[in-house]
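Observations on the model geometry
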Amino acid sequence: MERQKRAAAIHDISGFGRCSLTVALPIISAAGIETSVIPTAVLSTHTGGLTGYTYRDLTEDLKPFADHWKSLGLTFDAIYSGFLGSFRQLDIVSEIFDELKTDTTLIMVDPVMADHGEMYRVFSRNFVSGMRGLCKKADIITPNITEACFMLDMPYKKPPYDKKYIEDMLSGLLGLGVKAAVLTGVCFDEETLGAACMERDAGEAQYVFRERVSGFYHGTGDVFASALLAAILSGKPLPEACDIAVGFTADSIRRTRAAGTDVRFGVNFEAGLFDLMNKLK
Ligand code: PXL
């Protein structure tokens, strides 16, 4: 039997609202990958449109978590970071990458901090340069268009986009030193939405689209990135992994829209896990 892969996910736990660890853990685990977690903060809900949430910052716990794992000799096939609970965590997570990675560990950074042209309320603009630094340590990064614009100092434009804008952005992201960049929220028309990826060694951009569903559904970036990592660790080449992740995310959004669920409650990815498992076999 093949050795079971092991990933570490470094995100917050938002108790309600399907994002970060409540998404990453089930999706990566469903792919048969052992998934360990380092929680960056514990909130009652995410911060996107819900108010009155509790917020327990776990900055002081991150390094002791990693030190303990190191003392146990644990190794990881991937370390995947997402929403960080404080500015200081940018440096701490960077140190954790150095501490826990081996020659074969894939480092994936989702630079969660902004969307639709604006920073998330909990982050200030000085978070951007720190996140750019963290991205430089990654093998693969998965920003949305807003995050990519902020990190590259490019002007944010409203969709639809043209190829030059997207490919300049992908080249700029590769210029940070990563092996691969995956850009989410890519669209060239009103009907479709998807992702674009570029690998340092392949050069050409690859695109994946699905039919667009109207509305801004919360947590879809985390659903996408988690499915992408699950597919990569299952041995899929990056363009195929992107296709699987875009399909999984689009299906989750479609289901949620059909049910009339509040967009802040996250998407029904749960009903798609069986399908995802079959695709990853
Ligand atoms: O889905 C990104 C995310 C993760 N975690 C928290 C968030 C957000 C986006 O708003 O607020 C706590």
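Residues numbered from 1 in each chain as written. Predicted model: local features only at pLDDT ≥ 70, side-chain atom pairs only at ≥ 80, totals over all residues. Heavy atoms only, no water.

**Some remarks on the environment of V23**
What counts, and what does not: Helix and strand definitions here come from DSSP, where helices need a minimum of 4 consecutive H or I residues and strands a minimum of 2 consecutive E residues; each element is numbered from the N-terminal end. Whether two residues are in contact is decided by their heavy atoms: any pair within 4.5 Å suffices.
Along the polypeptide, V23 turns up in helix α1 (residues 21-30). For the pair V23 and R212, spaced 189 residues apart in the sequence, the C-alpha separation amounts to 21 Å. Beyond its immediate sequence surroundings of up to four residues, V23 is in contact with R18, D222, V223, S226 and F269.

**Side note on the pattern of salt bridges**
Spelled out, the test is: Whenever a carboxyl oxygen of Asp or Glu lies within 4 Å of a side-chain nitrogen of Lys or Arg, that contact is scored as a salt bridge. Exposure is judged per residue with a 1.4 Å probe applied to protein chains only, and the accessible area is read against the type maximum: over 50% gives exposed, under 20% gives buried, and values in between give partly exposed.
One pass over the structure, following the stated rule, counts 14 salt bridges. A salt bridge links R6 to E34; the shortest N-O distance between them is 3.2 Å. Remark: E34 occurs in strand β2 (residues 34-45) and R6 occurs in strand β1 (residues 6-16); sequence separation between them is 28 residues. Residue R6 is classed as partly exposed on the basis of its relative accessible area, which comes to 21%.

**Comments concerning the layout of surface pockets**
Heads up, the condition is: Site definitions follow a grid-based scheme: protein atoms alone, a 1 Å grid, a 1.4 Å probe that fits but cannot get out for cavities, and for pockets an open set with protein on both sides within 12 Å along at least five of seven lines, plus lining residues having an atom within 4 Å of a point. Grid points are joined across faces, edges and corners, and a volume is the space filled by probe spheres set on the points. The nonpolar class holds Ala, Val, Leu, Ile, Met, Phe, Trp, Tyr, Cys and Pro. Asp, Glu, Lys and Arg form the charged class, and all remaining residues, Gly among them, are polar.
Here the second largest pocket defines a volume of roughly 230 Å³. In terms of lining, the second largest pocket is formed by M1, E2, R3, Q4, K5, A31, G32, I33, L233, S234 and L280. Looking at the lining of the second largest pocket residue by residue, the class counts come to five nonpolar, three polar and three charged.

**Focus: the sheet that holds strand β10 (residues 192-199)**
For clarity, the cut-off: A pair of strands counts as paired when DSSP detects no fewer than two bridges linking them. Lines fitted to C-alpha atoms define the axes here, with helix axes fitted over just the stretch in contact, and angles between the N-to-C directions of these axes take values from 0 to 180 degrees.
Read across the open sheet, the nine strands follow the order β3-β2-β1-β4-β5-β8-β9-β10-β11; overall the sheet is mixed. Only two strands of the sheet have a single partner each, and these edge strands are β3 (55-57) and β11 (206-211). Bridge count for β1 against β2 is nine bridges, and the pairing is parallel. Within β2, the position partnered with H11 by the bridge is P39. Packing against the sheet, helix α2 (residues 59-71) makes contact with β1, β2 and β3, and its axis sits at approximately 170 degrees to β2. This element, helix α8 (residues 238-259), spans β8 (140-141), β9 (180-186), β10 and β11 of the sheet and lies at about 20 degrees to β11.

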